[in-house]
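An overview of the molecular structure
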Amino acid sequence: ADDLAGADAILVPGVGASQPAMDRLRRQGLVDPIIERVRGGTWYLGICLGLQLLFERSHEDGAVMLGLLRGDVERIADAPSLPHIGWNRLERCRPHPVLEGLPDEAPAYFVHSYVPVPADPSVVVAETEHGSRFASLVASDHIVGFQFHPERSGDDGLRMLANTLALVGGRMLDPLRAGQARGAA
């Protein structure tokens, strides 16, 4: 937990279920430090389960999660098959630097049965359809969450990770600072 104090970003990957993941974070004394650091401006990058842990509660197993974003995690509605495994498209809902240089409807690789249902639709950057439509990429201030696995999504996924790291490193326009600069102008 002490190592988080100097971190530029906290990467939370994940495969599995929310309750065991939260239990492990609690046992390691990481829940409060993660919340404090992210609220203090440290970047949070969540992949798959790491994105789901951003929200308040999971319907998978009733887990109370980090609550950095408002909303729940629910089973994919009307899915033709579960788990949702394989390639699918990201449909942009709004521009974001993570998608810089990527084609519309970029492909991404998914392995999941549950999805975030944000209370604030403005955090949704991209959606994907598998039965119903769901948030597949979310971002808010210094938080970026991928419901898919960018590390397994070929060149486009690697580009998203590189764009995210450029944001963390300040080499791309930070959406939070851009909003502050517009407000000051």
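Relevant structure appears above.
Since the structure is predicted, the reported quantities are computational estimates derived from the model, not experimental observations. Each residue is numbered by its place in its chain's sequence as written, counting from 1. With pLDDT at 70 or above as the cut-off, local features in this predicted model cover only qualifying residues; side-chain atom pairs require 80 or more to be listed or tallied, and sums for whole chains, interfaces and linings still use all residues. To get the side-chain values, take all heavy atoms of the structure and skip hydrogens and water.

Quick word on the overall build of the protein
- Under the scheme used here, helices are H or I runs from DSSP no shorter than 4 residues and strands are E runs no shorter than 2 residues, and both carry numbers assigned from the N terminus. Each helix and strand in the protein was counted, giving five helices and eleven strands.
- Values of the radius of gyration come from C-alpha atoms, whereas the globule rule sets the reference at 2.2 Å times the count of residues to the power 0.38. Here the protein has a C-alpha radius of gyration of 16 Å; the compact-globule value for 185 residues is 16 Å, and the two agree.
- Residue burial is assigned from relative accessible area. The probe radius is 1.4 Å, only protein chains are included, and a residue is buried under 20% of its type maximum, exposed over 50%, and partly exposed in between. Here the protein holds 185 residues, and 49% of them are scored as buried.
- What makes two residues a contact is simply this: any of their non-hydrogen atoms within 4.5 Å. Taking the contacts inside the protein whose residues are at least 6 apart along the sequence as the reference set, 66% of them involve residues at least 24 apart.
- Methods summary: accessible areas were calculated by the Shrake-Rupley approach with a probe of 1.4 Å, and residue burial reflects only the protein chains presented. For the protein, the accessible surface area stands at approximately 9,000 Å², while carbon and sulfur atoms represent 49% of it.
- In this tally Asp and Glu are treated as negative and Lys and Arg as positive; neither His nor the chain ends contributes. Charged side chains are reduced to one point each, which is NZ for Lys, CZ for Arg, CG for Asp and CD for Glu. Each charge class in the protein can be summarised by its mean position, and for the 17 positive and 24 negative side chains these summaries are 2 Å apart.

Re the sheet that holds strand β11 (residues 143-146)
- For two strands to pair, DSSP has to find at least two bridges joining them. Pairing is mixed in the open sheet, where six strands are placed in the order β1-β2-β11-β10-β9-β6. Since the sheet does not close on itself, it has two edges, and those belong to β1 (9-12) and β6 (91-92), each with one partner.
- As paired elements, β6 and strand β9 (residues 124-130) share two bridges and run antiparallel to each other. Counted as the bridge partner of Arg92 is Ala126 from β9.
- Think of each axis as a best-fit line through the C-alpha atoms, taken over the contacting stretch in the case of a helix, with angles from 0 to 180 degrees between the N-to-C directions. Taken strand by strand, helix α2 (residues 31-39) contacts β1, β2 (43-47) and β11, and its axis lies near 130° from that of β1.

With respect to the side chain of Asp156
- In this fold, Asp156 is placed in helix α4 (residues 154-168).
- Of the side chains with opposite charge, Arg159 comes closest to the buried, unpaired Asp156, at an N-O distance of 7.4 Å.
- Ignoring sequence-local partners within four residues, the contact set of Asp156 consists of Leu102, Pro103, Ala106 and Pro107. Throughout this description, the term salt bridge denotes a Lys or Arg side-chain nitrogen within 4 Å of a carboxyl oxygen of Asp or Glu.

As for the nonpolar core
- To form a nonpolar core, buried Ala, Val, Leu, Ile, Met, Phe, Trp, Tyr and Cys residues must be joined to one another through side-chain atoms within 4.5 Å. If you look at the biggest cluster of nonpolar residues, it comprises 29 residues, and the most contacted ones within it are Ile34, Tyr44, Leu53, Leu54, Leu66 and Leu68.
- Within the residue set of this core, elements represented by two or more residues are β1, α1 (18-27), α2, α3 (49-52) and β10 (132-140).
- Top contributing element to this core by residue count: α2, with four residues.
- If you look at the next biggest cluster of nonpolar residues, it comprises 23 residues, including Trp43, Ile76, Val115 and Val144.

Considering the pattern of salt bridges
- Following the criterion strictly, the structure yields five salt bridges and no others.
- Glu105 serves as the salt-bridge partner of Arg89, at 3.0 Å between the closest nitrogen and oxygen. Placement of the pair is Arg89 in strand β5 (residues 84-89) and Glu105 in the loop between β6 and β7 (107-112), with a sequence separation of 16 residues.
- The class for Glu105 is partly exposed, based on a relative accessible area of 41%.
- Put simply, Glu91, Glu127, Glu129 and Arg133 are held in one network by salt bridges that share partners.

Considering the environment of Val15
- Following the sequence through the fold, Val15 ends up in the loop between β1 and α1.
- On the basis of relative accessibility, which here comes to 76%, the residue Val15 falls in the exposed class.
- Distance from Val15 to Cys48, taken between C-alpha atoms, is 6.9 Å for residues 33 residues apart in sequence.
- Ignoring anything within four residues of it in the chain, the contact list for Val15 reads Leu49 and His149.

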